[in-house]
Amino acid sequence: MAVRPLQQRCYTPALLETVLRIFLTAGKFNWTNRVQAFAILTNRSNVEKSMVQASLGSPAPFVRYTVKSSLRNANSPSRIEEYMDSQGSPGSMKFIERGLYKGRGIAVLTSGGDSQGMNAAVRSVVRTALYLGCKVYFIKEGYKGMVDGGSNIVEAAWSSVSSIIHLGGTIIGTARCMEFKEREGRKRAAHNLVKHEINNLVIIGGDGSLTGANLFREDWPALLNELLAEQLINQDQMKKCANLQIVGMVGSIDNDFCGTDMTIGTDSALHRIIEAIDCIVATAYSHQRTFILEVMGRHCGYLALVASLACEADFVFIPEDPPTADWPDKLCRKLSQQRNEGRRLNIIIASEGAIDRQGNPITAEEIKNVIVKELKQDTKVTVLGHVQRGGNPSAFDRVLACRMGAEAVLAVLEANPNDQPLCISLDGNQIIRLPLMECVRQTLAVGQALANKDFEMASKLRGISFERNLESYKLMSRLKPHRDQQTCNLKKTRPYRYAIVTIGAPACGMNAAIFGFVRNAIFCGDITYGVLDSIDGLIQGNFKRLEWADVDGWVSTGGAKLGTRRVTAGKNIAQIAQQLENFQIDGLLLIGGFEAYQSAVELLDAKSTYPVFRMPIVVIPATISNNVPGTEFSLGADTALNEISEICDRIRQSAQGTKRRVFIIEVMGGYCGYLATCAGLAAGADAAYIHEEKFSIKDLQEDVYHMATKMSEGVQRGLVLRNELANDNYNTEFMYRLYAEEGKGIFSTRMNILGHMQQGGRPSPFDRIMGTKFAAKAAMWMRTEVDKRIGCPSCTVVNSCVLLGVQRRQYQFTPVSDLKLVTDFTHRTGVDHWWMKLRPLLRLLAKHESAYQEEVSLFRE
């Protein structure tokens with residue numbers, strides 16, 4: 001196949017890396033292009049063919065992927081110094097060898113308030129450290145257990161963390177310890193660690209716990225000298241534990257730690273809040289009541305803000321954006337107007353740390369008294385309290401904790417004596433390492449900004465994600481403007497007209513996107529039509545004008561209220577063009593999965609024949625399969641992951657009273673293995689078979705023997721996930737029979753096909769929020785593009801057909817014409833998958849030493 005040299009081809013920056021990977025991994029390209037791609041990706045000048053062959057000879061190795069960046073603040077953007085991952089990003093790859101740190105001592109503790117996902121993090125730390133050859137210890141009851149020592153410091157084995165990934169709280173306990181704040185208490189803690197030859201600590205907690213760990217580290221040399229002088233330790237012990245290395249992971253439901261987009265437990269707490277609100281809405285509607293909910297967040301309004309965005313709350317009170325002194329008047333005016341327009345209920349959310357602009361507390365009872373006095377409405381207060389900390393962790397928190405735990409172990413073991421302590425954080429979709437105390441200082445700076453009543457700075461210090469959420473909420477919760485205010489562009493001679501079409505299988509989050517787009521359009525004086533019954537309705541002209549109140553309550557509902565079909569534009573281009581002209585449509589929004597993307601491709605290809613398709617066209621990806629190119633996440637995928645994880649938890653529980661049992665579970669996804677991989681990681685699966693990673697009968701046999709080995713060592717449950725189209729011959733029935741036959745006398749086998757349960761339910765907080773953000777971005781882009789055509793209706797605007805996706809930490813509009821280059825239309829998916837780098841971690845956390853030796857050659861430096 002003839003291919004032009006890479007430097008002669010033009011790609012957008014967002015696509016360059018993906019295209020380079022294709023040249024590197026696809027065998028149909030010649031070696032000149034593949035060597036050149038490898039050189040660019042690894043930032044090397046002298047590359048030989050043998051080097052590329054060696055790299056390609058190790059499929060999906062477990063690779064350390066690290067981004068070092070300066071901490072973001074209000075005036076300084078993040079700076080990427082180094083980035084490594086298993087997909088060949090710029091930087092040098094480092095393969096992690098099993099047993100690389102044999103004999104090192106490492107301990108893990110949880111401290112401060114508990115949060116869902118801590119157990120998943122503990123499990124990841126223990127198993128990653130065991131894989132690297134370390135002796136791993138639990139420190140029970142946090143710093144108190146470290147000070148008391150004795151039975152509180154226990155060596156951990158592989159089976160010690162079996163069947164805990166789905167549990168809330170922390171199995172090793174947590175407690176606040178006043179003794180550790182005193183030097184004498186820290187000296188006792190140091191003595192207990194030295195006795196076990198532990199000089200590497202992974203701490204899971206909040207900023208107070210991590211600050212205490214840093215103080216402990218600073219005191220360590222002096223504490224050891226005192227212990228030596230008192231003859232409590234000897235010279236050999238002092239030499240072995242001369243330096244203490246610490247790495248922190250933030251476990252907090254408040255998401256109040258700067259430097260990370262999400263802390264472990266935040267997403268799960270949002271699930272508890274949204275579940276409670278969804279239940280309250282039903283009774284509030286029945287009695288035409290107003291409900292005020294108080295949620296946690298003493299010094300941070302993240303939970304209140306995001307919950308308000310996810311449930312269409314009418315008003316929110318948070319410390320980072322306090323209301324003005326006339327807030328009672330504004331609140332009552334808004335509630336009154338909504339009731340006059342036919343609303344039967346109102347929801348108000350207040351953070352427990354809510355204040356006004358003078359720093360005075362605003363309580364839920366105070367808000368209730370204002371409403372009752374001024375509006376005489378039936379008003380109730382609900383304080384959720386510690387319910388938010390309880391329950392099982394969400395799929396997001398489980399996967400996040402697994403990734404952070406593995407990176408924390410690598411970070412603490414690689415640290416040098418003079419290195420500063422690190423914190424493992426999430427930046428967009430990347431796991432990164434940041435200076436611990438710099439993060440703590442910025443977190444404390446937020447509190448100082450609030451004390452100084454510099455609320456704008458406080459919001460900025462919270463990070464760009466917080467600012468975007470605040471901006472989105474203000475946009476979505478505005479009162480419906482009067483008609484003379486409904487304009488965002490004085491040049492308009494008439495309202496713009498937009499059409500929304502949902503295409504493909506239903507996915508949670510579709511309705512949230514429609515809600516956001518309609519509200520944005522109406523606020524600017526534009527008209528939005530919902531096309532009923534997908535492409536069929538578009539062909540037949542089944543358009544329905546959507547008004548402000550028509551989309552009330554849509555954010556929290558699953559499915560697709562406009563109706564959707566798994567068909568594309570196909571041969572109906574002429575009829576579609578005619579209907580768009582009949583309704584004078586200026587912009588088209590397609591919401592759906594691969595069918596929506598493929599329809600956009602077909603409309604793009606037809607624009608030379610039908611000029612109407614030169615209008616702005618935006619695709620918002622919505623599919624549980626997450627198989628649309630140009631985005632790392634699609635609407636509906638997170639909800640499906642949570643459904644699968646919960647079902648797997650229940651399936652395991654169903655065998656509680658039985659002997660050893662293995663479950664073979666088939667999940668959806670088409671040819672895309674995203675659901676199987678991430679659900680496997682979240683559910684603690686022993687294996688996950690996907691189409692992208694080929695497997696043979698030998699691989700299946702080895703996995704059966706591995707399962708038998710685990711069962712013989714005390715494990716009672718086995719879980720195997722299979723993507724529905726992983727292999728034409730090795731289908732779910734075949735795997736069930738194989739495990740049943742080979743496991744006779746060792747374990748019994750059951751099979752489950754989850755089917756459409758994965759599509760159902762209410763949208764997760766993640767999908768609700770992403771849907772509204774997608775909509776706001778799409779509406780703004782479409783309005784801008786239509787503005788360009790004012791006075792020039794026949795102009796051809798380049799890249800007028802785009803897909804809106806999430807790439808790393810940004811929402812990006814990618815021209816569909818570019819995405820065609822990186823699409824596998826045969827298998828209905830993109831050619832590049834960020835989540836493939838999670839598969840080695842899935843295997844590492846699921847297999848113990850005796851069955852993992854065969855992969856030693858893949859984990860080399």
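What counts and how
Residues numbered from 1 in each chain as written. Predicted model: local features only at pLDDT ≥ 70, side-chain atom pairs only at ≥ 80, totals over all residues. Heavy atoms only, no water. Helix = DSSP H or I, 4+ residues; strand = E, 2+ residues; numbered from the N terminus. Buried < 20%, exposed > 50% of the residue type's maximum accessible area, 1.4 Å probe, protein only. Contact = heavy atoms within 4.5 Å. Areas by Shrake-Rupley, 256 points an atom, 1.4 Å probe, with all protein chains shown as cover. pLDDT = per-residue confidence, 0-100. Pairing = 2+ DSSP bridges. Axes fitted to C-alpha atoms, helices over the stretch in contact; angles between N-to-C directions. Disulfide = S-S within 2.5 Å. Expected span 1.5 Å × (residues − 1). Left-handed = near helix turned anticlockwise from the far one by under 90°. Nonpolar A, V, L, I, M, F, W, Y, C, P; charged D, E, K, R; others polar. Salt bridge = Lys/Arg side-chain N within 4 Å of Asp/Glu carboxyl O. Core = buried A, V, L, I, M, F, W, Y, C linked by side-chain atoms within 4.5 Å. Polar contact = N/O pair within 3.5 Å; in protein donor to acceptor, adjacent residues only side chain to side chain. Phe/Tyr/Trp six-rings, centres within 6.5 Å; stacked < 30°, edge-to-face > 60°. Arc of directions from axis to C-beta.

S.K.: Kindly report on the overall build of the protein, identifying the contributing residues and their values.
M.R.: Scanning the protein from terminus to terminus reveals 28 helices and 26 strands. Sorting the 861 residues of the protein into buried and exposed places 61% on the buried side. Pairs at least 24 apart in sequence give 78% of the contacts found in the protein among residues at least 6 apart. Carbon together with sulfur atoms contributes 49% to the accessible area of the protein, which is approximately 33,000 Å² in total.

S.K.: Describe the confidence of the model for the protein, naming the residues involved and giving the relevant values.
M.R.: Per-residue confidence for the protein gives a mean pLDDT of 86; residues scoring 70 or more make up 85%. Confidence scores differ between elements of the protein, with strand β2 (residues 80–83) showing the lowest mean pLDDT of 27 and strand β18 (residues 617–621) the highest of 98. A low-confidence stretch, residues 1–14 stays under pLDDT 50, and its non-local contacts, those more than four residues away or across chains, total 25 contacts. Throughout residues 57–93 the model reports pLDDT below 50, and contacts reaching past four residues in sequence, or to other chains, amount to 105 contacts.

S.K.: So, the sheet that holds strand β9 (residues 315–317): which residues are in play, and what are the values?
M.R.: In space, the four strands of this open sheet follow the order β9-β10-β8-β11, with parallel pairing throughout. Each end of this open sheet is capped by a strand with a single partner; those strands are β9 and β11 (379–383). With strand direction ignored, the average angle separating the axes of adjacent strands in the sheet is 15 degrees. In this sheet, strand β10 (residues 346–351) lies alongside strand β8 (residues 290–295) in parallel orientation, the contact comprising six bridges. The residue of β10 that forms the bridge with T290 is N346. Together, β8, β10 and β11 form the strand contacts of helix α9 (residues 266–287), whose direction differs from that of β8 by roughly 165 degrees.

S.K.: If you had to explain the environment of H299 to someone new, which residues and values would you point to?
M.R.: As for its placement among the helices and strands, H299 is situated in the loop between β8 and α10 (302–311). Excluding anything up to four places from it in sequence, H299 contacts P319, E320, L450 and R462.

S.K.: Break down the sheet that holds strand β15 (residues 527–531) for me, with residues and values.
M.R.: Strand order in the open sheet made by the seven strands is β16-β15-β14-β17-β18-β23-β24, with mixed pairing throughout. Of all strands in the sheet, those with a lone pairing partner are β16 (543–545) and β24 (810–815), marking the two edges. Strand after strand, the sheet turns through a mean of 25 degrees between neighbouring axes, direction not considered. Two elements, strand β23 (residues 801–807) and β24, share six bridges in a ladder whose sense is antiparallel. Within β24, the position partnered with V806 by the bridge is Y811. Packing against the sheet, helix α17 (residues 510–523) makes contact with β14 (497–503), β15, β17 (587–592) and β18, and its axis sits at approximately 180 degrees to β14. Together, β14, β17, β18, β23 and β24 form the strand contacts of helix α25 (residues 765–788), whose direction differs from that of β18 by roughly 170 degrees.

S.K.: A description of the state of the cysteines should follow, citing residues and the corresponding values.
M.R.: For the structure on display, the rule yields zero disulfides. Sulfur of C678: no disulfide; nearest cysteine sulfur belongs to C672 and is 9.1 Å away. For C678, a relative accessible area of 2% gives the class buried.

S.K.: Any chance you could break down helix α16 (residues 464–476) for me, citing the residues and the numbers?
M.R.: Every α-helix carries 3.6 residues per turn, so stepping three or four residues along brings you back to the same face. Taking 1.5 Å of rise per residue, 13 residues should cover 18 Å, and α16 covers 18 Å from first to last C-alpha, within 8% of that figure. Packing partners of the buried residues in α16 comprise α10, β9, α15 (455–462), α17 and α25.

S.K.: Would you mind going over the pairing of β23 in detail, with residue names and values included?
M.R.: Counting buried residues in β23 gives seven out of seven residues, a clear majority hidden from the surface. The alternating pattern of β23 places C801, L803, G805 and Q807 and V802, L804 and V806 on opposite faces, both of which are buried. Direction of pairing for β18 relative to β23: parallel, over a ladder of three bridges. Its bridge partner lying in β23, V619 is registered against L803.

S.K.: Explain the packing of α17 against α25 to me, using residue names and the numbers behind them.
M.R.: Between α17 and α25, the shortest axis-to-axis distance is 7 Å and the interhelical angle comes to 40 degrees. Considering the relative orientation of α17 and α25, their crossing is right-handed. Note on element contacts: α25 touches α17 through R768, G771, T772, A775, A776, A778, A779, M782 and R783, opposite A512, A513, F515, G516, F517, N520 and A521. Classifying every residue of the contact of α17 with α25 gives ten nonpolar, four polar and two charged.

S.K.: Describe the pattern of salt bridges, naming the residues involved and giving the relevant values.
M.R.: In a structure, side chains of opposite charge can pair up when their charged atoms sit close to one another. Throughout the structure, instances matching the rule amount to 39 salt bridges. In this structure, E230 engages K187 in a salt bridge whose closest nitrogen and oxygen atoms are separated by 2.7 Å. In this pair, E230 is assigned in the loop between α7 (207–229) and α8 (235–240) and K187 in helix α6 (residues 183–195), connecting sequence segments 43 residues apart. Relative accessible area serves as the criterion here: at 42%, E230 is assigned to the partly exposed category.

S.K.: Go over the nonpolar core, please, and point to the residues and values.
M.R.: One finds M249 and Y674 to be the most contacted residues of the largest nonpolar core, which totals 156 residues. At 14 residues, helix α13 (residues 395–414) tops the list of elements feeding residues into this core. Contact partners of M249, with chain neighbours within four places excluded, come to A121, V125, V202, I203, I204, G205, L210, I264, M404, G405, A408 and I424. Y137, Y143, I432 and V440 belong to the second-largest nonpolar core, a separate cluster that totals 38 residues.

S.K.: Quick rundown of the environment of S477? Include the residues and the values.
M.R.: With respect to the helices and strands, S477 occurs in the loop between α16 and β14. Taking the C-alpha atoms as reference, S477 lies 8.3 Å from L309; in sequence the two are 168 residues apart. With sequence-adjacent residues up to four places away left out, S477 is seen in contact with A313 and K334. Of the polar contacts made by the side chain of S477, one reaches the backbone oxygen of Y473; its length is 2.7 Å.

S.K.: Describe the packing of aromatic side chains, and please don't skip the residues or the numbers.
M.R.: Centre-to-centre distance and the angle between the planes together describe a pair of aromatic rings. This model, assessed by the stated rule, comprises 23 aromatic pairs. Seen from their ring centres, F317 and W327 are 5.2 Å apart, and the 80 degrees between their planes marks the pair as edge-to-face. In this pair, F317 is assigned in strand β9 and W327 in helix α11 (residues 327–340), connecting sequence segments ten residues apart. Under the relative-accessibility criterion, F317 is labelled buried at 1%. What makes W327 buried here is its relative accessible area of 6%. For the ring pair F695 and Y730, a centre distance of 6.0 Å and an interplane angle of 35 degrees mean the geometry is tilted. With F695 in the loop between β20 (687–689) and α23 (697–712) and Y730 in the loop between β21 (717–723) and α24 (732–742), this pair connects stretches of sequence that are 35 residues apart.

S.K.: I'd like a description of α24, backed by residues and values.
M.R.: Those residues of α24 that fall on the buried side of the exposure criterion are T732, M735, L738 and Y739. Around the axis of α24, the buried residues are gathered within 125 degrees of arc, so they sit on the same side. Next to the buried residues of α24 lie β19 (661–667), β20, α23, β21 and β22 (748–753). Its side-chain oxygen placed 3.3 Å from the backbone nitrogen of E733, N731 serves as the N-cap of α24.

S.K.: Requested: an account of the environment of V551, with residues and values cited.
M.R.: Summarising the element assignment, V551 is placed in the loop between β16 and α19 (573–582). Discounting chain neighbours no more than four positions away, the residues touching V551 are E312, F515, V518 and R519.

S.K.: Account for unusual backbone geometry, naming residues and giving values.
M.R.: Located in the positive-phi region is S163, a residue other than glycine, with phi close to 60 degrees. In this structure, S163 sits in the loop between β5 (153–155) and α6. Overall, S163 belongs to the partly exposed group, its relative accessible area being 46%. The phi dihedral of S534 falls on the positive side, at around 60 degrees, and the residue is not glycine. Here S534 is to be found in helix α18 (residues 534–540). Its relative accessible area of 0% is what places S534 among the buried residues.

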